[in-house]
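# A look at the structure
Below, each chain spelled out in residue letters.
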Amino acid sequence: MGGYTLTELGSIFVMQGFAGLSLFSVLLLMALGLAIIFGQMGVINMAHGEFMTIGAYTTVMFSVLTAKFAPGFIDYYFPFAMLVSFLIAFGIGYFVEFAMIRHLYKRPLDTLLATWGLSLIMQQIFRSAFGAREVSATLPEWLLGSFQPTESIDIPLNGIFVMGLTVFVTLGVFYFLFKSRWGLRVRATTQNRIMAGAVGINTRLVDRVSFALGCGIAGIAGAAFTTITSTGPTTGTLYIVDTFLVVVFGGAASLFGTIASAFSIAQAQSIMEFFMTGSMAKVLTLLTIIGILMLRPEGLFSIKVRK
Amino acid sequence: MKAIYNNLLGGRQGVIGLALLAALIFLVLPMFLDIFRLNLVGKYLTYAFAAVSLVLIWGYGGILSLGQGVFFGLGGYCMAMFLKLEASSPENTAIQSTPGIPDFMDWNQLTQLPWFWEPFNSFPFTLFAILAVPGLLAYIIGVAMFKRRVGGVYFSIITQAIAAILTILIVGQQGLTGGINGITDLKTLHGWDIRTDSAKYLLYYINGGLLIGVILLSRFILSSKLGRLLLAMRDKEDRVRFSGYDVSNFKIFIFCVAAMISAMGGAMFTLQVGFMSPSFVGIVPSIEMVIFAAVGGRMSLIGAVYGALIVNYGKTYFSETFPELWLFLMGGLFIAVVMFFPNGLAGLYEKHGKRIMEKIKSLRRKPTPPAEKTLAAGNDTSAAAREAA
């Protein structure tokens, strides 16, 4: 290992592993919303990346406005920006479900095309409203800088923040789906729509809220995204294929599978990036996923359902 | 004779549709357009190959492949590799540090032609590869997916990922593939300059002829027993399987045929446009090809050609005059076609155009007895599907 000392190698290993964890957090945040929309409801939302971009732009707007009108508030704006990102993405998702998705539940392939059209329109709206250039948020002090446990290890604080947020959101989704009354209704509806309707669950409302919630989580992902990198009109499309693969690879209806697959994909990618170019690492990762999916089409973890 | 007339040409209506299309391609457009615009139409018609292939696999097979751009691109790249090798003969590239290899390889410090470029020195091999490479890839994907009964949405997502992989690969391996710029500066085919006006005319006609041939071939496939099985599989896959058919083999076959048809379009694209780049391979072009088929009518081979022409004409027109508006229109088109006109232009014709024609005819005829009418209504859907093909 050309000229590295043992401690240096250790540090590289830790930092590379941490880079993988950051990627894991971003992928998982993106995939959680999709796990509800695609995994639970079976809707292919190609515009999911754009809902993330909505969150990112909201946060950027928030930071610009705060810096302009209340510079003293700049250290605290972030949680509010996140909340507003969630609400805006939730609201738009609610409307999109009402106007478009609910007419297409029986035609999943057509949903794919319609939401692709939606994503094109949203991209152009972003471009017209915010310009084609990438923008970034002014980060609060406490997100800048890095954490240095030893001389040679350097872990950025924003990465730690995103990881913490991911854990929080994941637990929230778990609680929502598996412990709350709403989650019970969502799971009942996805497992047997007719029976769920027969016992008095308003399945249409459940659909709408689930879809909107998935979009809202994408909005939070977008807000978190601004702490790591800048945002452009087409940012969302860069991640959409990866996100779908995470959900499919994990096993569509399994939330645990989503977490496991986001972790393995992110780690595989960042470890390989150390040995070869980024594009080859990506190609190899994607090929491996497809290879495994061909052997196990139902994904890593699947719930056995009688069909 | 009668069988050929009914199956291959699709009866009276099919003949009229095909004749109209052929007249448009071979007579009307060349008469009214200058060579620049005609060359553009030729480019649109190469997309029509992909749209026709999607009618086969998506409209009839019910399998939404988001990887037709991959096959289109592979066909185009095969052709481009041959032309590039011809354009980089040692005399033409004497100023390079290694003469005789394509310029982008020289820029990337390659000193030898990579092994997979070698066979593309031969034109017969290139023609073979244009069909064989995409066909083989489609076969591998098809066997791996359909034998494991991966279908529907999963198939779409995986083919989309394959499109992403191929784009990343081409862009990343700049020295081997020309990277993001693609393979450019293609000049001659066997010493015949493809950039002259006369060559462009000839290529346009070859392209049109191939397209009509492809439509006839597709119609032949669809009117055979295989075509009926495809429809049956799309609607009730399990029943076909329970009747003793190996469903996956039919799917693999039609997927390979569709791949080869797209690849032909790609090769013609390279010849007419004069370059090939990864921007015709990836996710976006692949999904745009679906919209060509959807606008034309996913069940109509001829409609797919019109769909490709109209959408691409619109794209050129709007991105020249109102670039801001184009994505709105394209997005709106996706949504509108799916939500309001699932059968596209052909569907609109079936619904309204035919009724108007009938009305004109019935003015001269006595009204049909009601008993016959109900019978006709019962057969309507299957008859419509047959005629649309």
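Reference entry: report on the structure contained in this document. Everything quoted here is computed from the prediction, not taken from an experiment. (Residues numbered from 1 in each chain as written. Chains lettered and ligands numbered in written order. Predicted model: local features only at pLDDT ≥ 70, side-chain atom pairs only at ≥ 80, totals over all residues. Heavy atoms only, no water.)

### What to know about the overall build of chain A
Where we set the bar: The helix count covers DSSP runs of H or I at least four residues long, the strand count covers runs of E at least two residues long, and both are numbered beginning at the N terminus. Here the radius of gyration uses the C-alpha set of atoms, whereas the globule reference equals 2.2 Å times the residue count to the power 0.38. The contact definition used throughout considers only heavy atoms, calling two residues in contact when any of these lie within 4.5 Å. Only the protein chains shown count as covering a residue, and every accessible area follows the Shrake-Rupley method with a 1.4 Å probe. Asp and Glu count as negative and Lys and Arg as positive, but His and the ends of the chain are not part of the count. By convention, charge coordinates are those of NZ in Lys, CZ in Arg, CG in Asp, or CD in Glu.
Of regular secondary structure, chain A possesses eleven helices and two strands. Listing the helices and strands of chain A from first to last along the sequence gives α-α-α-α-β-β-α-α-α-α-α-α-α. Rg of the C-alpha trace for chain A: 20 Å, near the compact-globule value of 19 Å for 307 residues, within the 12% margin. Along the three orthogonal principal directions, the C-alpha set of chain A runs to about 65 × 55 × 35 Å. Of the contacts made within chain A by residues no fewer than 6 positions apart, 75% connect residues no fewer than 24 positions apart. A total of about 13,900 Å² of accessible surface is found on chain A, and carbon and sulfur atoms cover 68% of it. Where the 18 positive side-chain charges of chain A centre and where its 13 negative ones centre are 21 Å apart.

### Section: the interface of chain B and chain A
What counts here: Joining two parts hides part of their accessible area as seen by a 1.4 Å probe, and the buried area is that hidden amount summed over both. What makes a salt bridge here is a side-chain nitrogen of Lys or Arg within 4 Å of a carboxyl oxygen of Asp or Glu, nothing more. Nitrogen and oxygen atoms within 3.5 Å of one another constitute a polar contact, given that in protein one can donate a hydrogen and the other can accept it, and given that sequence-neighbouring residues count only through two side-chain atoms.
Chain B puts 39 residues into the contact, and the matching count from chain A is 39 residues. Carbon and sulfur atoms make up 82% of the area that chain B and chain A hide from each other, which totals about 3,500 Å². Across the chain B-chain A interface, the total number found is one salt bridge. Linking Arg-298 of chain B and Asp-110 of chain A is a salt bridge whose minimum nitrogen-to-oxygen distance equals 3.3 Å. Our count for the contact surface shared by chain B and chain A stands at three residue pairs in polar contact (both at pLDDT 80 or more).

### Side note on the nonpolar core
Rules: We call a set of buried residues a nonpolar core when its members are Ala, Val, Leu, Ile, Met, Phe, Trp, Tyr or Cys and they connect through side-chain atoms within 4.5 Å of each other. Each residue's exposure class comes from its accessible area (1.4 Å probe, protein chains only) as a fraction of the maximum for that residue type: buried when under 20%, exposed when over 50%, partly exposed otherwise.
Judged by nonpolar contacts, the single largest core of 207 residues is most densely connected at Phe-38 and Phe-51 of chain A together with Trp-58 and Val-305 of chain B. Of the residues forming this core, the biggest block, 18 residues, is contributed by helix H3 (residues 35-60) of chain B. Those residues in contact with Trp-58 of chain B that lie beyond four places of it in its chain are Leu-109, Asp-110 and Leu-113 of chain A together with Ile-63, Leu-64, Val-290, Ala-293, Ala-294 and Arg-298 of chain B.

### Some words on a nonpolar patch on the surface
Residues and elements named next belong to chain B. The cut-off we apply is this: Like-charged residues within 9 Å of one another, or nonpolar side chains (Val, Leu, Ile, Met, Phe, Trp, Tyr) within 5 Å, are grouped into patches, provided each residue has over 30% relative accessible area and no salt bridge.
Judged by side-chain polarity, Ile-310, Phe-340, Phe-341, Leu-345 and Leu-348 come together as a nonpolar surface patch covering roughly 460 Å² of accessible area. Here Leu-345 is to be found in helix H16 (residues 344-362). Under the relative-accessibility criterion, Leu-345 is labelled partly exposed at 35%.

### Regarding the side chain of Glu-50 of chain A
Residues and elements named next belong to chain A. Tracing the sequence through the fold places Glu-50 in helix H2 (residues 48-69). Lacking a salt bridge, the buried Glu-50 has Arg-127 as its closest oppositely charged neighbour, with an N-O distance of 8.4 Å. In this structure the side chain of Glu-50 is engaged in a polar contact, spanning 3.1 Å, whose partner is the side chain of Gln-123. Beyond its immediate sequence surroundings of up to four residues, Glu-50 is in contact with Ser-119, Met-122, Gln-123, Phe-126, Gly-236 and Thr-237.

### So, unusual backbone geometry
Residue and element names in this part refer to chain B. One non-glycine residue, Gln-109, lies in positive phi territory at about 60°. You can see Gln-109 is positioned in the loop between helix H5 (103-107) and helix H6 (123-146). Positive phi is not limited to glycine here, since Asp-185 has a value of about 60°. Structurally, the position occupied by Asp-185 is in the loop between helix H8 (174-177) and strand S1 (188-189).

### Focus on the environment of Val-283 of chain A
Topologically, Val-283 of chain A is positioned in helix H11 (residues 278-295). Along the backbone, Val-283 of chain A and Ser-85 of chain A are 198 residues apart, and their C-alpha atoms lie at a distance of 33 Å. Those residues in contact with Val-283 of chain A that lie beyond four places of it in its chain are Ile-165, Ile-168 and Leu-169 of chain B.

### Comments concerning the layout of surface pockets
Rules: Here a cavity denotes grid points, spaced 1 Å and computed from the protein atoms alone, that fit a 1.4 Å probe unable to get out, and a pocket denotes an open set having protein on both sides within 12 Å along at least 5 of 7 lines; residues with an atom within 4 Å of a point are the lining. Grid points are joined across faces, edges and corners, and a volume is the space filled by probe spheres set on the points. Here the term charged refers only to Asp, Glu, Lys and Arg, the term nonpolar to Ala, Val, Leu, Ile, Met, Phe, Trp, Tyr, Cys and Pro, and the term polar to all other amino acids, Gly among them.
Computed from the structure, the second largest pocket encloses a volume of approximately 960 Å³. Forming the boundary of the second largest pocket are 38 residues, of which Ser-279, Gly-282, Ile-283, Val-284 and Pro-285 of chain B lie nearest the centre. Broken down by secondary-structure element, the contributors of at least two residues to the lining of the second largest pocket are helix H4 (108-130), helix H9 (235-250) and H11 of chain A together with H3, helix H7 (152-172), helix H13 (283-296), helix H14 (301-321) and helix H15 (323-339) of chain B. It is H13 of chain B that contributes the most residues to the lining of the second largest pocket, six residues altogether. Taken together, the residues of the lining of the second largest pocket sort by class into 24 nonpolar, eight polar and six charged.

### Examining the packing of H2 of chain A against H9 of chain A
Residue and element names in this part refer to chain A. Put simply, the rule is: Every axis in this analysis is a line fitted to C-alpha atoms, fitted for helices over the stretch in contact. Angles between the N-to-C directions lie between 0 and 180 degrees. For classification, angles of less than 35 degrees are called roughly parallel, those exceeding 145 degrees roughly antiparallel, those between 65 and 115 degrees roughly perpendicular, and all remaining angles oblique. With the far helix as reference, a near helix turned anticlockwise by less than a right angle produces a left-handed crossing, and one turned clockwise produces a right-handed crossing.
For the pair H2 and H9, interaxial distance at closest approach is 7 Å and the crossing angle is 135°. Taken together, H2 and H9 sit at an angle that is classed as oblique. As H2 packs across H9, the resulting crossing turns out to be right-handed. Contacts from His-48, Gly-49, Glu-50, Met-52 and Thr-53 in H2 reach Thr-235, Gly-236, Thr-237 and Ile-240 in H9.

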